[in-house]
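Close look at the chain arrangement
What follows is the residue order along each chain.
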Amino acid sequence: MKTLIQGGTVITAADTIQADVLIEGEKISLIGQNLPKDGAKVIDATGKLVMPGGIDPHTHLELPFFTTVSSDDFYTGHRAAAFGGTTCHIDFANQRKGETLHEALEKWRRLAEGKAVLDYATHMSITDLRPDVLAEIPSLLDEGITSLKVFLSYKNMYMLTDGEILQVMHKAAELGMLVLVHAENGDVVDMLTRQFVAEGKLSPEYHALSHPAWSETEATLRAIALASVANVPLYVVHMTCAGAVDQLTYGRQRGLPVMGETCPQYLFFTEDDLRRPDGAKFICSPPVRTRADNVYLWDALADGRIQVVGTDHCPFLFDGTKPLTYEGEVYRSPGKESGGGDFSKTPNGMHGIEDRMLLLWTYGVGKGRFSANRFVELTATNPAKIFGLYPRKGTIAPGSDADIVIWNPEARKTVSWRTHHMRVDHNVYEGMELVGLPEKVFVRGELVVDGESWYGRRGSGRFLHRQSHAPVV
Ligand code: URP
Ligand code: ZN
Ligand code: ZN
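Since we're looking at a predicted model, the values are computed, not measured.

1. Observations regarding the overall build of the chain
A count of helices and strands for the chain gives 13 helices and 23 strands. A compact globule built from 473 residues should have a C-alpha radius of gyration of about 23 Å, and the chain, at 21 Å, falls within 12% of that. Its C-alpha atoms give the chain principal-axis dimensions of about 70 × 50 × 40 Å. When burial is assessed residue by residue, the chain has 62% of its 473 residues classed as buried. For the chain, contacts bridging at least 24 residues in sequence account for 76% of all contacts bridging at least 6. Accessible surface, the chain as shown: approximately 16900 Å² in total, 52% of it carbon and sulfur. Distance between charge centroids for the chain: 1 Å, based on 48 positive and 59 negative side chains.

And the structure:
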């Protein structure tokens, strides 16, 4: 089966060229001008942009959290991602206390079975570092897992001590693995949370006040310092504030192999949103900050101080007492209301898997903050490189998987939860006007989205084995 995408403008992180793209089977086979039709199905991309599908390196599909579970699974999340121009993602297998890493991995694998439409991979979160767990880490490479996540926060749940983190980092360095870190000071967060709860200060804004920016700033520097001691590459997930970006910059200026990610919610929202009547929608960790931080992050994306935009996609229904209908099926799950109005019991997380590329295009490229090439770099090429998927994913080149988005820069729509494809009963970007949208989306050569039509097949997505010793960008 051959498909010829004709007459479009091909955008990669490095180039903008007027060229046709030939897909043969699952791969891109040729890029060039006036390629012959030669029996291929022709798609006219005149006036459109042809870009690599997005790679979201930070998602939590069906993540158990407090008394519930995040509301998108590997089918609904993949469908939503594809409608937003994302064709591949990396999720997290989270070790629970007492579990081995392989037990956690098996549980996580079962979530994807029969549901995945996109290609997907996983990071391994280590939350209970016992000698047997440390000994298990090398075997993760045989499973194609090359990145380990550690938490400096979520005390008594996910958090490791600095000494344990150093042990994980030493092991990762030995094996050519990358370490990801959730950088907040868990003791500070725990103490402030207890204090506010004891004082009866339970509303969503106290979530932000119990997770101060200085605790993230301090933890970011601490993680960088530990990574430097262990001589291991580090990726700081979901960076929210100027102070954290400054610590990352400090490390990078000293030649340390440290990289950072932010997410759309930190570019658009502030603590004021937590004071809205529906403020619980905005509870995530670390929290949304200030307008000045939003601006600082946009600037850091533009000038290269931050390398990736992920999503931390971890949606929960706002009102889980009401059923939601998704593709004709009724879905029920406790949501943000399950916290009972207490921020410390409200599940942490926001949606983003469908929104990321759309928002970054309109508000990044459209507003002149960065180029279309930088958009591709932030949303696809850098994630592919950092996480050992490049050049199979994250670019348009002969031999790469045909994960392609045909983007219509003129198309418009207004964001609404009534028309989005995520399985969640609200959209925090509701009412925002988007200019520039994906029109056709291919996963390994197969058309899965065409306008508003969905052709994705449950179970067609593949688990991706990733390479160790991935480059630092
Ligand atoms: O609030 C968040 N971010 N929920 C998901 C878990 C995490 O910390 O990434
Ligand atoms: Zn986190
Ligand atoms: Zn996360």
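Text resumes after the structure shown.
2. Structural notes on the coordination of the zinc ion (ligand 3)
Ideal values differ by geometry: the angle at a metal is 109.5 degrees with four tetrahedral donors, but 90 or 180 degrees with six octahedral donors. Looking at the metal site, the zinc ion (ligand 3) is ligated by His58 (NE2), His60 (NE2) and Asp312 (OD), spaced 2.0 to 2.1 Å from it. What the 4 donor atoms of the zinc ion (ligand 3) show is an angle range of 86 to 138° at the metal, which sorts the shape as irregular. For the zinc ion (ligand 3), the single-chain donor residues occur in sequence as H-x1-H-x251-D. Here the zinc ion (ligand 3) and the zinc ion (ligand 2) are spaced 3.8 Å apart. Of this pair, histidine 58 sits in the loop between strand E8 (54-56) and strand E9 (64-65) while aspartate 312 sits in the loop between strand E17 (308-309) and strand E18 (324-326), and the two are 254 residues apart along the sequence. By relative accessible area, histidine 58 is classed as buried at 1%.

3. Section: the sheet that holds strand E3 (residues 16-18)
Sheet architecture is open: 7 strands sit in the order E3-E2-E7-E20-E21-E22-E23, paired in mixed fashion. The outermost strands of the open sheet, each flanked by one partner alone, are E3 and strand E23 (453-454). Relative to strand E20 (residues 404-414), strand E7 (residues 49-52) runs antiparallel, the two being bridged by 4 bridges. Paired with proline 52 across the two strands is isoleucine 404, which belongs to E20. This element, helix H12 (residues 356-365), spans E7, E20 and strand E21 (433-443) of the sheet and lies at about 135° to E21.

4. Here's the deal with the coordination of the zinc ion (ligand 2)
Here the zinc ion (ligand 2) is held by the protein donor atoms His182 (ND1) and His238 (NE2), which lie 2.1 Å from it. For the zinc ion (ligand 2), the 4 donor atoms in the first shell make angles of 55 to 153° at the metal, so the coordination geometry reads as irregular.

5. Observations concerning the sheet that holds strand E5 (residues 27-32)
If you walk across this open sheet you meet the 4 strands as E5-E4-E1-E6, and the pairing is mixed. In this open sheet, the two edge strands, each paired with only one partner strand, are E5 and strand E6 (41-44). If you compare each strand with its neighbour and ignore which way they point, the axes differ by 20° on average. Here strand E1 (residues 2-6) pairs with strand E4 (residues 20-24) via 4 bridges, running antiparallel. Within the sheet, the bridge partner assigned to lysine 2 lies in E4 and is glutamate 24.

6. Re the side chain of arginine 79
Assignment of secondary structure puts arginine 79 in helix H1 (residues 76-83). For arginine 79, the side chain forms a polar contact with the side chain of glutamate 327, separated by 3.0 Å. Here arginine 79 is in contact with Tyr326, Glu327, His421 and Trp454, once residues within four sequence places are set aside.

7. Points about the packing of H12 against helix H13 (residues 372-386)
Close contact between H12 and H13 brings their axes to 10 Å; oriented N to C, the two are set at 150°. With respect to their mutual orientation, H12 and H13 come out roughly antiparallel. H13 is crossed by H12, and the crossing has right-handed handedness. Across from Arg356, Met357, Leu360, Trp361 and Val365 in H12, the residues of H13 making contact are Ala372, Phe375 and Thr379. The residue inventory of the contact of H12 with H13, partitioned by class, reads 6 nonpolar, 1 polar and 1 charged.

8. Some thoughts on the nonpolar core
Ile126, Leu234 and Phe375 are the most contacted members of the largest nonpolar core, which totals 109 residues. Of the residues forming this core, the biggest block, 7 residues, is contributed by H12. Setting aside chain neighbours within four positions, we find isoleucine 126 in contact with Gln95, Leu101, Val133, Ile137, Leu148, Lys149, Tyr158, Leu160 and Val168. Core analysis: the second largest hydrophobic core is formed by 16 residues, Cys88, Ile90, Phe92 and Phe387 among them.

9. A closer look at the site of ligand 1
Around ligand 1, the surrounding shell consists of His58, His60, Tyr154, His182, His238, Cys284, Ser285, Asp312, Cys314, Asn348 and Gly349. The contact in question runs from an oxygen atom of ligand 1 to an N or O atom on the side chain of histidine 182, over 3.2 Å. In this structure, asparagine 348 approaches ligand 1 through a main-chain N or O atom, which is 3.1 Å from a nitrogen atom. Protein chains bury 99% of the 270 Å² of accessible surface belonging to ligand 1 in isolation. Looking at the shell around ligand 1 residue by residue, the classes come out as 3 nonpolar, 7 polar and 1 charged.

Cut-offs and rules
- Residues numbered from 1 in each chain as written.
- Chains lettered and ligands numbered in written order.
- Predicted model: local features only at pLDDT ≥ 70, side-chain atom pairs only at ≥ 80, totals over all residues.
- Heavy atoms only, no water.
- Helix = DSSP H or I, 4+ residues; strand = E, 2+ residues; numbered from the N terminus.
- Rg over C-alpha atoms; globule rule 2.2 N^0.38 Å.
- Buried < 20%, exposed > 50% of the residue type's maximum accessible area, 1.4 Å probe, protein only.
- Contact = heavy atoms within 4.5 Å.
- Areas by Shrake-Rupley, 256 points an atom, 1.4 Å probe, with all protein chains shown as cover.
- Lys, Arg positive; Asp, Glu negative; His and termini not counted.
- Charge placed at Lys NZ, Arg CZ, Asp CG, Glu CD.
- Donors = N, O, S within 2.8 Å, 3.2 Å for Na, K, Ca; no water.
- Tetrahedral: all angles 85-135°; square planar, octahedral: opposite > 155°, others 65-115°.
- Pairing = 2+ DSSP bridges.
- Axes fitted to C-alpha atoms, helices over the stretch in contact; angles between N-to-C directions.
- Polar contact = N/O pair within 3.5 Å; in protein donor to acceptor, adjacent residues only side chain to side chain.
- Parallel < 35°, antiparallel > 145°, perpendicular 65-115°, else oblique.
- Left-handed = near helix turned anticlockwise from the far one by under 90°.
- Nonpolar A, V, L, I, M, F, W, Y, C, P; charged D, E, K, R; others polar.
- Core = buried A, V, L, I, M, F, W, Y, C linked by side-chain atoms within 4.5 Å.
- Near = heavy atom within 4 Å.

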